[in-house]
Amino acid sequence: MTSPVTGWIAWPIIILLLVVTLTRFRLLNRTPTDQLINQALSFAAAGMLLREQIVEDVLARYLGPFGDVDLLRQISFGFIVLIVQAIYGMAQLWAAGQRTGVEAAQVDEVAVWRRQWIYYGIGLASGLTVLVAGSPARNAGLLIDQYLGWPAVIAWLAFYAPILMCGALIVRVFSKEICAKDTTRRERLLYVLNVALAGALVIDSVVAPLTTLYEVVTATPTRDPQMTVKALTFFLATTGATAVVTVPTVAVVMSRLGWDRTGRSIRRLHLLWQDLTDAFPDVRTARAENPARQLHRMIIEIHDALLRLRRFVAPAAQDDIDYVAATHTDEDRRKQLLAGLQIARALEAKLSDLAPHDGGVRLEFLNLRPREQHLTATSDQLIALADDWPTVRHYVETYVQGPSATTGPAS
């Protein structure tokens, strides 16, 4: 079976598939679902590589009769069936969750893999059947659909049977999800798309073997002797699957590297958090490994430190009010910067061992409620404060050395 795409079109997809697969094995390979996805991607990469001319030429050169091009192309069918069996295993996990209410992450992994090896055994048996039934075609130097005959009927029945079972299960599973009351509109749209794709596979799994049977019985030449449609279907399906899993994989990589929003927020908050928790070290708690929990912890600790610092907060200095009014026209921006200046002055007073005055001054701008469901808004407020923090801290440190050194914070 020749690939419908070659060279410069296929190889970028294959390289992306390999990169995504290796990345997922490194970062996303803990749960049975993630492991099944990774295995399916591995089978897809192997199947695509076996259809590329460069790989076929290399294997033919070094493997002798085992590198026969027709043999390699028929072996690729086995990898397609293994992909289907991996997807079937994932669908069974989903179906089991619908029956029992147990999430996939909480299932007995030993039982999962015991069943999955049975599925893979069926897939290997299907692939071997294709190889045996395809022997006459290989010996004649032809593709299965070019040779036809009853071996072609047997080969396609063995090949499409697992696809039919998998497609039917997916249709059943996602149809239930579509009808579920708690399904969101976006989820329902995604499930409908999956049902449509799986339904198309079910139809193709019935039509393809019946078409071959009709062609054999009536001695009608096949309409697609080069098997281009089958090759194109596999390529498009593999490309689509790669695109789907690339998005969450990139998100995980960015999270690990600290390039996502959470990581950036942590970096931007760090100096403010460091200064405040150095002043009140008892507010610090155990370090969290998860970035989202780390950000949550930093917000809570900054909030707790600000609560302790409020006894040192004095009314805004007139110099600060005049400077902010002269350099900023936006009222919210003025409040934000003025609050930062008040906090920096209060921190300086605390570090200078000045007695707290508890003047009852409130910072209305910092309406922090991190223990409630306002973490996003709280994070945004604190990040805005943290962005100004290096400037206002430098301004206050310079100011306390003498008014003549005061330059005012930059806008």
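Everything quoted here is computed from the prediction, not taken from an experiment. Residue numbering note: each chain is counted from 1, following its sequence as written. Note on the predicted model: pLDDT of at least 70 is required for a residue's local features to be given, and 80 or more for side-chain atom pairs to be given and counted; whole-chain, interface and lining totals, by contrast, use all residues. Based on all heavy atoms of the structure, the side-chain values leave hydrogens and waters out of the count.

Hey, could you run me through the overall build of the protein chain in this one?
Helix and strand definitions follow DSSP, with helices as H or I runs of at least four residues and strands as E runs of at least two, each counted in order from the N terminus. Each helix and strand in the protein chain was counted, giving 15 helices and zero strands. Burial classes follow relative accessibility: with a 1.4 Å probe on protein chains only, a residue under 20% of its type's maximum area counts as buried, one over 50% as exposed, and anything between as partly exposed. By residue count, 43% of the 411 residues in the protein chain fall in the buried class. Surface accessibility of the protein chain: about 22,300 Å² in total, with carbon and sulfur atoms responsible for 62%. Surface exposure here means Shrake-Rupley accessible area, sampled with a 1.4 Å probe, where a residue is shielded only by the protein chains that are shown.

What exactly am I supposed to notice about the environment of Arg24 here?
Note that Arg24 resides in helix H1 (residues 10-27). Sequence separation of Arg24 and Ile37 is 13 residues, and the distance between their C-alpha atoms is 8.9 Å. Dropping the residues within four chain positions of it, Arg24 is found in contact with Asn29, Asp34, Ile37, Asn38, Leu41, Val245 and Thr249. Throughout, a contact is declared for two residues whenever any of their heavy atoms are within 4.5 Å.

Sorry, what's going on with the packing of aromatic side chains here?
Think of a pair of aromatic rings as described by two things: how far the centres are apart, and how the planes are tilted against each other in angle. Between the rings of Phe, Tyr and Trp (Trp by its six-membered ring), a pair exists once the centres lie within 6.5 Å; its type follows the angle of the planes, with under 30 degrees stacked, over 60 edge-to-face, and the other angles tilted. Within this structure, the stated rule accounts for twelve aromatic pairs. With a centroid separation of 6.5 Å and an interplanar angle of 40°, the aromatic rings of Phe43 and Phe79 are classed as tilted. Taken together, the positions of Phe43 in helix H2 (residues 32-49) and Phe79 in helix H4 (residues 69-100) put the pair 36 residues apart, joining distant regions of the chain. On the accessibility criterion, Phe43 (17% relative accessible area) is buried. Residues Trp156 and Tyr160 carry aromatic rings whose centres are separated by 6.1 Å and whose planes lie at 55° to one another, so their mutual orientation is tilted. Taken together, the residues Trp156 and Tyr160, both in helix H8 (residues 149-179) and four residues apart, mark about one turn of the helix. Both residues of the pair, Trp156 and Tyr160, belong to the buried class. An aromatic cluster is defined as three or more aromatic residues linked by ring pairs; in this entry it consists of Phe43, Phe79, Trp117 and Tyr120.

In this structure, what is going on with the nonpolar core? I would like to understand it.
Nonpolar side chains in soluble globular proteins tend to end up buried together. Residues belong to one nonpolar core when they are buried, are Ala, Val, Leu, Ile, Met, Phe, Trp, Tyr or Cys, and are joined through side-chain atoms within 4.5 Å. With 56 residues, the main nonpolar core has Met48, Phe77, Ile144, Trp156 and Phe159 as its most contacted residues. Where this core is concerned, the elements lending two or more residues are H1, H2, H4, helix H5 (109-133), H8, helix H9 (185-218) and helix H10 (228-257). Every residue in contact with Phe159, bar those within four places of it in the chain, is listed here: Phe77, Ile80, Val81, Ser126 and Val130. If you look at the next biggest cluster of nonpolar residues, it comprises 34 residues, including Leu269, Leu272, Leu341 and Ala346.

Even after reading the chapter, I still don't get a positive patch on the surface, so can you show me in this structure?
In this analysis, a patch consists of residues with relative accessible area above 30% that form no salt bridge, clustered at 9 Å for like charges and at 5 Å for the nonpolar side chains Val, Leu, Ile, Met, Phe, Trp and Tyr. Here, a salt bridge means any Lys or Arg side-chain nitrogen found within 4 Å of an Asp or Glu carboxyl oxygen. Note that His is not counted, nor are the chain ends; the positive residues are Lys and Arg, and the negative ones are Asp and Glu. The atom standing in for a charge is NZ when the residue is Lys, CZ when it is Arg, CG when it is Asp and CD when it is Glu. The grouping of Arg99, Arg114, Arg115, Arg172 and Lys176 at the surface amounts to a positive patch. The residue Arg115 is located in helix H5 in this model.

Honestly, the packing of helix H11 (residues 261-279) against helix H12 (residues 291-309) in this entry has me stumped. Any pointers?
Between two packed helices, both the angle of their axes relative to each other and the distance between the axes serve to describe the pair. With axes taken as lines fitted to C-alpha atoms, and helix axes fitted only over the stretch in contact, angles between N-to-C directions fall between 0 and 180 degrees. In the contact formed by H11 and H12, the axes pass within 10 Å of each other and the chain directions differ by 30°. In terms of orientation, H11 lies roughly parallel with respect to H12. The element H11 and its partner H12 pack so that their crossing is left-handed. Between H11, through Thr262, Ser265, Ile266, Leu269, His270, Leu272, Trp273, Leu276 and Thr277, and H12, the contact on the second element is made entirely by Pro291, Ala292, Gln294, Leu295, Arg297, Met298, Ile299, Glu301, Ile302, Ala305, Leu306 and Leu309. Charged residues are taken to be Asp, Glu, Lys and Arg, nonpolar residues to be Ala, Val, Leu, Ile, Met, Phe, Trp, Tyr, Cys and Pro, and polar residues to be all remaining types, Gly included. For the contact of H11 with H12, the class distribution of residues is 14 nonpolar, five polar and two charged. Our angle categories are set so that under 35 degrees counts as roughly parallel, over 145 as roughly antiparallel, 65 to 115 as roughly perpendicular, and the remainder as oblique. The handedness criterion is simple: a crossing whose near helix is rotated anticlockwise from the far helix by less than a right angle is left-handed, and one whose near helix is rotated clockwise is right-handed.

Help me understand the packing of H2 against H4 in this model?
Remark: H2 packs on H4, axes separated minimally by 8 Å, with the N-to-C direction vectors making an angle of 165°. By the angle between their directions, the pair H2 and H4 is classed as roughly antiparallel. Crossing handedness for the pair H2 and H4: left-handed. Of the residues in H4, those in contact with Pro32, Thr33, Leu36, Ile37, Ala40, Phe43, Ala44, Ala46 and Gly47 of H2 are Ser76, Phe79, Leu82, Ile83, Ala86, Gly89, Met90 and Leu93. Across the contact of H2 with H4, the residue classes break down as 13 nonpolar, four polar and no charged.

Would you explain the side chain of Gln116 in this entry?
One can find Gln116 in helix H5. In contact with Gln116, other than residues within four places in its own chain, are Leu36, Gln85, Ala86 and Gly89.

In this structure, what is going on with a nonpolar patch on the surface? I would like to understand it.
A surface patch of nonpolar side chains, amounting to about 660 Å² of accessible area, comprises Trp150, Ile203, Val206, Val207, Leu210, Leu213 and Val217. With six residues, the top contributor of residues to the nonpolar patch is H9. The exposure class of Leu210 is exposed, given its relative accessible area of 51%.

Explain the pattern of salt bridges here, please?
Between side chains of opposite charge, a pair can form as their charged atoms come close. Scanning the entire structure with this criterion turns up eight salt bridges. Here Lys230 and Asp145 are joined by a salt bridge, their closest N and O atoms 3.1 Å apart. Linking Lys230 in helix H10 with Asp145 in helix H7 (residues 144-147), this pair joins segments that are 85 residues apart in sequence. Note that Arg308 and Asp282 form a salt bridge whose closest N and O atoms lie 2.3 Å from each other. With Arg308 in helix H12 and Asp282 in the loop between H11 and H12, the pair connects residues that are 26 residues apart, well separated along the chain. A residue is classified by how much of its surface remains accessible, and Arg308, at 39% relative accessible area, is partly exposed.

The values are spatial; any link to function lies outside them.
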